[in-house]
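Structural description and commentary
Given next are the chains, with one letter for each unit.
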Amino acid sequence: MSLLDSIQKENDIKKVPKERLPELAGEIRRFLIDSISKTGGHLASNLGAIELTMALHRCMSFPEDKLIFDVGHQSYTHKILTGRKDGFKSLRQLGGMSGFPKSSESDSDAFNTGHSSTSLSAAVGLAEARELRGSHEKVCAVIGDGSLTGGMAYEALDQMSMLNSNIVIILNDNEMSISRNVGSFSTSLSKFRVGKSYNKLKTGVENTLRKMPDVGDKISRGVKRSKDHLRNLIVPDTIFDEMGITYVGPLDGHDIESMTEIFEDAFKLNHPVLIHVKTKKGKGYKMAERYPEHFHGVGPFDPATGRALARKKEDSYTDVFSNTLLELGSRNDKIVAITAAMSGGTGIRAFQRQYPERTFDVGIAEQHAVTFAAGLAKGGYIPFFAVYSSFLQRGFDQILHDVCLQKLHVVFCLDRAGIVGEDGETHQGIYDTAYLSLMPGLTYIAPKGAHELATAMNYAAEAEGPVVIRYPKGNAFTELDHINDKFRLGRSEEVCPEVVCPENKQEAKTKSLAIFAVGSMVATAYHVRNAIEKETGYGPELINMRFIKPLDLEKIRQIIAKYDVVAVVEEAIESGSVGQSIGYEIVKMQESRPEFKHFCLKDDVVQHGKRNQLLELEGLGEHSICQELLKAIKK
């Protein structure tokens, strides 16, 4: 039996002889490469955190102890070591195992994560709860160097410095350079600083001096300053030391034995400790080591070559955004680009290469990015901030307070708006319509395809005030690209007029129907409309809303006064939706009101799975919409 097969439940790793731990790490590495090549998932980050996670599991007991993974991209080894290896067959698939920590999946997952820079705040909360409760479980947070750029992490560190009990932070540094050398001296010093003898002596001397009448406190402070100054000749203080958090490291993040020894000592201290661990992203798989960003999140691939099994055939919305931004930038040197550590994922990279001086990567700091964009706009530039929909929600107050209330010309380009699929509930871009539609003075556009996205970006570059453009993940080209009415503020577009066939071609008279569709759902509604016409001989009118804000109220009121049945199809939750606004207009009608059908996402979480599966599950698949509308219009 392999070592990996011997891991059936949490804490089984403690039974593995320490000399065989590198062998187990190799088995886990091979298992992850093979498994993720079939299902897709986050590869490079997990390969880099295998030994680190194993060392923590040697020091901690689950589910009693609390281990929090910031973002959660690197939690796969933790899942394996807590008995979930078989779950990788259904990783990120509908009804299968999540790619992120989930408390509902295992008691060993202490806190659900998916966005960055949250782990330290959660860890401080768990530590304070432990103190209030009087229990003794260990609390540890693993945070990457990228996540540490988020301001929330420093807010947590500030509170953590006042904590009078133990908490261990693992800084998993796989890219950012923090000035210290990895080597035997550093390792020895780290062991000394977390060692029992050193800390016992340090505490004992300070306590003894303080007890001396009149002069004790003064001498203690003087000795401490002298000691710190002497130490600083060898190792300068870090920002963490200045905050009262003991800094240790950097350590070799692939040396299990050394990390285990230092982790065990760190957990014995009665104050916060930050351990800086250097790891290699993609460790053990040459393709992932060479291209860590590409292998951060992957679909199924050939492990022998690293090539994706499904080749992209058409340009995505991200590609169209990227090409259009480059074109806009060539015509207007006031256009600048902003990304929050996602230049590749959001399509900023081409602009960045062409105009490096006009491109700003602010790190994982979306709140800062919004207000930074406001400052650029105030300074006379036109910032395009490209960001995933689910990440922009972190900047809610900044959008309202710093951009909208000042009516600043900032363009927010929301990629992955709507259902994103396998990343699950923390990444679904389904809430932006709800919280952005209430913003004063905001222009909010939902293009139906590639051509309209490019048109919207050109419009946004010339507009006044803040503009948001939302677009989904996936192919941007549809059969509707040739339909492009003049683009005017707050005006919708007629995609298909109502078609009434001669009476002798109709088997039964139907009620009249109009369909309002928003953004990504226009193509879906088009197919639904054609299917209804094919079955009944009656073709409903189809309207592309185009603008979520301002709404085309003139067109809406014309339609709801004319038709027997009115439907709205959109990829957003019901609260604050376009459908809710149209429903309100119907309620206000004095005359007979049309029957109203609203196809949207329920005000609930959307789990992980393939995008088309989730759309069908949520009632937004073509078949389910068509059947529901056929029932409504047939007498």
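Residues numbered from 1 in each chain as written. Predicted model: local features only at pLDDT ≥ 70, side-chain atom pairs only at ≥ 80, totals over all residues. Heavy atoms only, no water.

To continue, consider the sheet that holds strand β2 (residues 139-144). The strands that make up a sheet are held in pairs by hydrogen bonds between backbone atoms, and each pair lies either parallel or antiparallel. Here we have 5 strands laid out as an open sheet, ordered β1-β2-β3-β5-β4, and parallel in their pairing. Every other strand in the sheet has two partners, leaving β1 (66-69) and β4 (246-252) as the edge strands with one partner each. On average, each strand axis in the sheet is tilted by 20 degrees relative to the strand beside it, whichever way the strands run. Sheet topology note: the strand β3 (residues 167-173)/strand β5 (residues 272-278) ladder contains 7 bridges and is parallel. Note on β5: the bridge partner recorded for I170 is I275. Where helix α11 (residues 256-266) meets the sheet, it contacts β3, β4 and β5, and its direction lies at approximately 170 degrees from that of β5. (Pairing = 2+ DSSP bridges. Helix = DSSP H or I, 4+ residues; strand = E, 2+ residues; numbered from the N terminus. Axes fitted to C-alpha atoms, helices over the stretch in contact; angles between N-to-C directions. Contact = heavy atoms within 4.5 Å.)

Next up on the list: helix α3 (residues 50-59). Three or four residues apart is the spacing at which side chains of an α-helix point the same way, because the helix has 3.6 residues per turn. In terms of burial, α3 is largely enclosed, as 10 of its 10 residues are buried. For α3, the complete set of buried residues consists of I50, E51, L52, T53, M54, A55, L56, H57, R58 and C59. (Buried < 20%, exposed > 50% of the residue type's maximum accessible area, 1.4 Å probe, protein only.)

We now examine the environment of K66. Turning to its location among the elements, K66 is positioned in strand β1. K66 sits in the partly exposed class, given a relative accessible area of 22%. In sequence terms K66 and V139 are 73 residues apart; their C-alpha atoms lie 4.8 Å from each other. If we ignore the near neighbours within four places in the chain, the residues touching K66 are M60, A110, L126, E137, K138, V139 and C140. At a separation of 3.2 Å, a polar atom in the side chain of K66 contacts the main-chain carbonyl oxygen of P63. (Polar contact = N/O pair within 3.5 Å; in protein donor to acceptor, adjacent residues only side chain to side chain.)

Below, the discussion takes up the environment of R20. Considering the arrangement of structural elements, one finds R20 in the segment before α1 (21-39). Through-space distance from the C-alpha of R20 to that of L3 is 8.5 Å; in sequence the pair is 17 residues apart.

Moving on: the packing of aromatic side chains. Tallying each qualifying case throughout the model produces 16 aromatic pairs. By way of ring pairs, the aromatic residues F31, Y76 and F88 are connected into one cluster. Positioned over the ring face of F267 is K138, at 5.2 Å from the centre of the ring. The residue whose ring lies beneath R358 is Y355, and the NZ or CZ to ring-centre distance is 4.3 Å. (Phe/Tyr/Trp six-rings, centres within 6.5 Å; stacked < 30°, edge-to-face > 60°. Lys NZ or Arg CZ within 6 Å of the ring centre and 35° of its normal.)

Moving on, we come to empty space enclosed by the protein. What the rule picks out here adds up to 1 cavity of 30 Å³ or more. Considered as a void within the structure, the largest cavity measures approximately 70 Å³ in volume. Forming the walls of the largest cavity are S98, F100, P101, K102, N112, T113, D423, G424, E425, T426 and H608. (1 Å grid on protein atoms, 1.4 Å probe; cavity = no way out; pocket = protein on both sides within 12 Å on 5 of 7 lines; lining within 4 Å. Points joined across faces, edges and corners; volume = space filled by probe spheres on them.)

Running from N to C, helix α21 (residues 521-536) and helix α25 (residues 622-633) cross one another at 45 degrees; their axes reach a closest spacing of 9 Å. By the angle between their directions, the pair α21 and α25 is classed as oblique. Seen from above, α21 lies across α25 with right-handed handedness. Seen from α21, the contacting residues are T524, H527, V528, A531, I532, E535 and T536; seen from α25, they are E622, I625, C626, L629, L630 and I633. Of the residues in the contact of α21 with α25, the class split is 8 nonpolar, 3 polar and 2 charged. (Parallel < 35°, antiparallel > 145°, perpendicular 65-115°, else oblique. Left-handed = near helix turned anticlockwise from the far one by under 90°. Nonpolar A, V, L, I, M, F, W, Y, C, P; charged D, E, K, R; others polar.)

Let us now look at the sheet that holds strand β14 (residues 513-517). In spatial order, the strands read β12-β16-β14-β18-β19; together these 5 strands make up an open sheet with mixed pairing. Each edge of the open sheet is held by one strand with a lone partner, namely β12 (493-496) and β19 (595-601). Looking at each pair of strands side by side, their axes are set apart by 25 degrees on average, direction ignored. Alignment of β14 against strand β18 (residues 565-573), held across 5 bridges, turns out to be parallel.

Turning our attention to the environment of F263. Following the sequence through the fold, F263 ends up in helix α11. Classification of F263 by relative accessible area gives buried; the value is 0%. What F263 contacts, discounting residues up to four positions off in sequence, is L52, A55, L56, C59, I170, I275 and V277.

Next up on the list: the side chain of R130. The topology assignment puts R130 in helix α5 (residues 119-133). Its relative accessible area of 4% is what places R130 among the buried residues. Within the structure, R130 has its side chain in polar contact with the side chain of E131 (distance 2.8 Å). When residues no more than four places from it in sequence are discounted, the contact partners of R130 are S135, H136, E137, K138, V139, S165 and N166.

Turning our eyes to something else, we now look at the packing of helix α22 (residues 553-562) against helix α23 (residues 578-587). α23 packs onto α22 with a crossing angle of 55 degrees between their chain directions and a minimal axis gap of 10 Å. Looking at the two axes, α22 sits oblique to α23. When the axes of α22 and α23 are compared, the crossing they make is right-handed. Every residue of α23 that contacts α22 at L553, I556, R557 and I560 is listed here: I582, E585 and I586. When its residues are assigned to classes, the contact of α22 with α23 shows 5 nonpolar, no polar and 2 charged.

Side-chain alternation along strand β16 (residues 541-544) places E541 and I543 on one buried face and L542 and N544 on a second face that is also buried. Bridge count for β12 against β16 is 3 bridges, and the pairing is antiparallel. The partner of E494 across the bridge, within β16, is I543. In terms of strand pairing, β14 meets β16 through 4 bridges, oriented parallel.

A few words on the nonpolar core. Counting residues in each nonpolar core, the largest one holds 79 residues, and the members touching the most others are F385, L392, F412, L436, L513, F516 and L629. Ignoring any residue separated from it by four or fewer positions in sequence, one finds L436 in contact with L392, I399, L414, L442, Y444 and V468. Among the nonpolar cores identified, the runner-up in size contains 53 residues, and I33, L43, A44 and A288 belong to it. (Core = buried A, V, L, I, M, F, W, Y, C linked by side-chain atoms within 4.5 Å.)

Right, let's talk about helix α16 (residues 366-378) for a bit. End to end, α16 covers 18 Å across 13 residues, agreeing with the expected 18 Å (1.5 Å per residue, within 8%). Buried residues of α16: E366, A369, V370, A373, A374, L376 and A377, and no others. Relative to the axis of α16, the buried residues are bounded by an arc of 160 degrees and lie together on one face. On its buried face, α16 is in contact with β6 (335-339), β7 (359-361), β8 (382-388), α17 (389-392), α18 (396-404) and β9 (411-415). Backbone geometry just after α16 places G380 at a positive phi near 100 degrees. (Expected span 1.5 Å × (residues − 1). Arc of directions from axis to C-beta.)

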